[in-house]
Structures are given as structure tokens and as C-alpha cells.
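Chains, contacts and geometry: an overview
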Amino acid sequence: VYRDPSFVRKVDKLIQDVHFDSAEFMKHISSLALEAQQGLLEKWGFQSSAVGLLELRAALQDHSRGPSPNPALRAKADGLNRLLYGSPEFGMYERVHAPV
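What comes next concerns the included structure.

Analysis parameters
Residues numbered from 1 in each chain as written. Predicted model: local features only at pLDDT ≥ 70, side-chain atom pairs only at ≥ 80, totals over all residues. Heavy atoms only, no water. Salt bridge = Lys/Arg side-chain N within 4 Å of Asp/Glu carboxyl O. Helix = DSSP H or I, 4+ residues; strand = E, 2+ residues; numbered from the N terminus. Buried < 20%, exposed > 50% of the residue type's maximum accessible area, 1.4 Å probe, protein only. Core = buried A, V, L, I, M, F, W, Y, C linked by side-chain atoms within 4.5 Å. Contact = heavy atoms within 4.5 Å. Phe/Tyr/Trp six-rings, centres within 6.5 Å; stacked < 30°, edge-to-face > 60°. Lys NZ or Arg CZ within 6 Å of the ring centre and 35° of its normal. Expected span 1.5 Å × (residues − 1). Bend = angle between axes of the 7 residues up to and from the residue. Polar contact = N/O pair within 3.5 Å; in protein donor to acceptor, adjacent residues only side chain to side chain. Arc of directions from axis to C-beta.

**Describing the pattern of salt bridges**
Throughout the structure, instances matching the rule amount to 6 salt bridges. As a salt-bridge pair, D17 and K13 come within 2.7 Å of each other at their nearest N and O atoms. With D17 and K13 both in helix α1 (residues 5-17) and 4 residues apart, the pair spans about one turn of that helix. Take D17: its relative accessible area is 46%, and that puts it in the partly exposed class. Bridged by salt links that share partners, the residues R65, R74 and D78 form one connected network.

Next comes the structure, spelled out in C-alpha cells:
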């Protein structure tokens, strides 16, 4: 869902609307992510809500970073996570994850 052109356009617009401010971006990205993931959440048996999104993230983290992590799943999850930050040329992933 993060590769969908309409989702990427919405994220890129958000980046511009918040003037590349990473803190402001993080305040608003969850609602865009939830909107994009509603079908996926339902497909996998999670609530189509913020709670369901948190449960999905926790489940992915358990399997990709938990006591017996799956390296292939971790690589895929990391790649998908980067997509959440919009077009690479805007550099929002790097802005959000820059050392403080």
C-alpha cells in the first residue's frame, strides 16, 4: 500500500505542507498510514483502527526483531517502513531518523 502512487502523493504533499518539519510530519503520518492500511488490517484479522495498526506493528516487530528474528521479514519490514516516508528525494526518512 505504501507504493501506491496516490499514497505517495499524499505523503509528499504532507511533507511539503509541514515544510519538511520532521516532528510535524510524524504527528500526521499515522492517520495517512491507517487510511492506506485499512484493507490490509482487515485482511489479516486486525481491527481497522489505530489499535489494529499498533497490533500489526507489534506482531511484525515480534517476528522481525524478537527473540528469534526472521532476517528476511526484517529486511522486508525495513524496506516497507522507508516507503512510509514518501519520495526519497524529499529525504524525510533521513530527517526523522537523524541523530539528535
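**Overview of the nonpolar core**
Formed by 18 residues in total, the largest nonpolar core has its most connected members in V11, F25, I29 and L84. When contributions to this core are tallied by element, the ones reaching two or more residues are α1, α2 (22-43) and α3 (50-65). For this core, the leading source of residues is α2, giving 6 residues. If we ignore the near neighbours within four places in the chain, the residues touching I29 are V11, L14 and L84.

**Thoughts on the packing of aromatic side chains**
Aromatic ring pairs are reported here in terms of the distance separating the ring centres and the angle at which the planes meet. Applying the stated rule across the entire model yields 4 aromatic pairs. Ring geometry for Y85 against Y93: centres 5.1 Å apart, planes inclined by 85 degrees, an arrangement best described as edge-to-face. Looking at Y85, the relative accessible area reads 6%, which means it is buried. Here the aromatic residues F25, Y85 and Y93 are joined through ring pairs into a cluster of three or more. One residue, R82, lies across the ring of Y93, its end atom 4.0 Å from the ring centre.

**Concerning α2**
Over its 22 residues, α2 extends 31 Å from the first C-alpha to the last, a length consistent with the 32 Å expected when each residue adds 1.5 Å. The largest bend in α2 is about 55 degrees, located at Q37. Buried within α2 are the following residues: F25, I29, L32, A33, L34, Q37 and L41. Those residues of α2 hidden inside the fold are in contact with α1, α3 and α5 (92-96). Two to three positions downstream of the cap, the backbone nitrogen of A23 sits 2.9 Å from a side-chain oxygen, assigning the N-cap of α2 to D21.

**Observations regarding the side chain of Q37**
Mapping Q37 onto the fold places it in helix α2. Among residues more than four places away in sequence, those in contact with Q37 are V1, Y2 and L53.

**Quick word on α1**
For α1, which comprises 13 residues, the first-to-last C-alpha distance of 18 Å matches the rise-based estimate of 18 Å (1.5 Å per residue) to within 8%. For α1, the complete set of buried residues consists of F7, V11, D12, L14 and I15. All buried residues of α1 project into a common sector of 155 degrees when viewed along the axis, lining one side. As for α1, its buried residues are in contact with α2, α4 (71-83) and α5. Positive backbone phi, approximately 55 degrees, marks H19, located one or two places after α1.

From the geometry alone we can't say anything about function, so treat these as descriptive.
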